[in-house]
Amino acid sequence: GAVVSQHPSWVICKSGTSVKIECRSLDFQATTMFWYRQFPKQSLMLMATSNEGSKATYEQGVEKDKFLINHASLTLSTLTVTSAHPEDSSFYICSASPLRNTEAFFGQGTRLTVV
Amino acid sequence: GENVEQHPSTLSVQEGDSAVIKCTYSDSASNYFPWYKQELGKRPQLIIDIRSNVGEKKDQRIAVTLNKTAKHFSLHITETQPEDSAVYFCAASTSDSGGYNKLIFGAGTRLAVHP
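Not measured: the values here are computed from a predicted model.

Scoring rules and cut-offs
- Residues numbered from 1 in each chain as written.
- Chains lettered and ligands numbered in written order.
- Predicted model: local features only at pLDDT ≥ 70, side-chain atom pairs only at ≥ 80, totals over all residues.
- Heavy atoms only, no water.
- Helix = DSSP H or I, 4+ residues; strand = E, 2+ residues; numbered from the N terminus.
- Rg over C-alpha atoms; globule rule 2.2 N^0.38 Å.
- Buried < 20%, exposed > 50% of the residue type's maximum accessible area, 1.4 Å probe, protein only.
- Contact = heavy atoms within 4.5 Å.
- Buried area = accessible area lost by both parts, 1.4 Å probe.
- Salt bridge = Lys/Arg side-chain N within 4 Å of Asp/Glu carboxyl O.
- Polar contact = N/O pair within 3.5 Å; in protein donor to acceptor, adjacent residues only side chain to side chain.
- Nonpolar A, V, L, I, M, F, W, Y, C, P; charged D, E, K, R; others polar.
- Pairing = 2+ DSSP bridges.
- Axes fitted to C-alpha atoms, helices over the stretch in contact; angles between N-to-C directions.

Trainee: Is there a simple way to explain the overall build of chain A in this structure?
Mentor: A tally of helices and strands in chain A yields zero helices and 11 strands. Along the chain direction, N to C, the helices and strands of chain A fall in the order β-β-β-β-β-β-β-β-β-β-β. By the compact-globule yardstick of 13 Å for 115 residues, chain A fits well, its C-alpha radius of gyration being 13 Å. Based on the C-alpha atoms only, the size of chain A along its principal axes is roughly 40 × 25 × 20 Å. Per-residue burial for chain A yields a buried fraction of 50% across its 115 residues. Of all intrachain contacts in chain A linking residues separated by at least 6 positions in sequence, the fraction that spans at least 24 positions is 52%.

Structure (structure tokens):
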């Protein structure tokens, strides 16, 4: 199957700082990627759709100025959590599909802890 | 937008028994319904999926059924084994993402298979 890789796998940052998470499609080009957030023992919640070369589309209730998404190439989307606070601590995970109407492949996720 | 409900939230079975997890969705335009298995701290892994033009699909011990009229779909695991213990998520793919799978997840079912 296709491979989606995230970096870093885990990160600890101080309150008020920003953190960048990378999502790469290693063996295919992805014009569209999706970002999800998962709190402990909860489901994956869709945050935004990342579109190569254009602005991301955010789900209702997700602050676009806080969660900056940049999809500058066909293999890389980044999520920057700005001015992080402890309540932003969560598991962030991305997904992408090689082709339309095919299986979505997930990155391994990034566990963010804000102290 | 799409809303997916999943039941039960927890399920405990004896090894060898069957397990059934049920989901309902709200958007009649949704056309792709995957099921994921997620182990603690890991990425979701696709175990089976079904498209809206099919009523049932089977892969060894796992089967999925879809009732488009009622807007519900179910996961059936037969001859359960302890290694089936995990959290299972159903999802529905909305139709507004250019064919790429923008997934809305159910709340998850924690399955425990006891030897």
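Once you've had a look at it, read on.
Trainee: Just to check I follow, could you spell out unusual backbone geometry for this structure?
Mentor: As a rule of thumb, non-glycine residues mostly have phi less than zero, and peptide bonds are mostly trans rather than cis. Cis geometry marks the peptide bond from A:His7 to A:Pro8, where omega comes out at 0°. For A:Pro8, the location among the structural elements is in the loop between strand S1 (4-7) and strand S2 (10-13). B:Pro8 follows B:His7 through a cis peptide bond whose omega is 0°. Residue placement: B:Pro8 occurs in the loop between strand S1 (4-7) and strand S2 (10-14). In this structure, B:Gln60 is a non-glycine residue whose phi angle is positive, near 60°.

Trainee: How should I be thinking about the interface of chain B and chain A in this particular structure?
Mentor: Many descriptions give the size of an interface as the accessible area lost when the pieces come together. Taken residue by residue, the interface counts 22 residues in chain B and 26 residues in chain A. When the buried surface of chain B facing chain A is broken down by residue, B:Arg43, B:Tyr100 and B:Asn101 rank first, second and third, together holding 34% of it. Our count for the contact surface shared by chain B and chain A stands at one salt bridge. Where chain B meets chain A, there are six residue pairs in polar contact (both at pLDDT 80 or more). For the side of chain B that touches chain A, the elements supplying multiple residues, two or more each, are strand S4 (32-38), strand S5 (45-51) and strand S10 (103-105) of chain B. In terms of residue class, the side of chain B that touches chain A is built from 10 nonpolar, seven polar and five charged.

Trainee: Would you mind going over the sheet that holds strand S7 (residues 67-73) of chain A with me for this structure?
Mentor: Pairing between the strands of a sheet is mediated by backbone hydrogen bonds and can be parallel or antiparallel. All names here are of chain A. Read from one edge to the other, the open sheet built from four strands follows the order S1-S3-S8-S7, with strand pairing classed as antiparallel. With partners counted over all chains shown, the strands left at the sheet margins are S1 and S7, one partner each. For this sheet the average axis-to-axis angle between neighbouring strands, irrespective of direction, equals 20°. Sheet analysis places S7 next to strand S8 (residues 76-81), joined by five bridges and oriented antiparallel. Its bridge partner lying in S8, Ile69 is registered against Leu79.

Trainee: I'm lost on the sheet that holds strand S3 (residues 19-25) of chain B in this one. Help?
Mentor: Residue and element names in this part refer to chain B. The sheet built from five strands is open, its strands ordered S1-S3-S8-S7-S6 with antiparallel pairing. In this open sheet, the two edge strands, each paired with only one partner strand, are S1 and strand S6 (56-59). Neighbour to neighbour, the strand axes of the sheet diverge by 15° on average, direction disregarded. Summarising the sheet, S3 and strand S8 (residues 72-77) pair through six bridges and their orientation is antiparallel. Across the sheet, the residue bridging to Cys23 is Phe73, located in S8.

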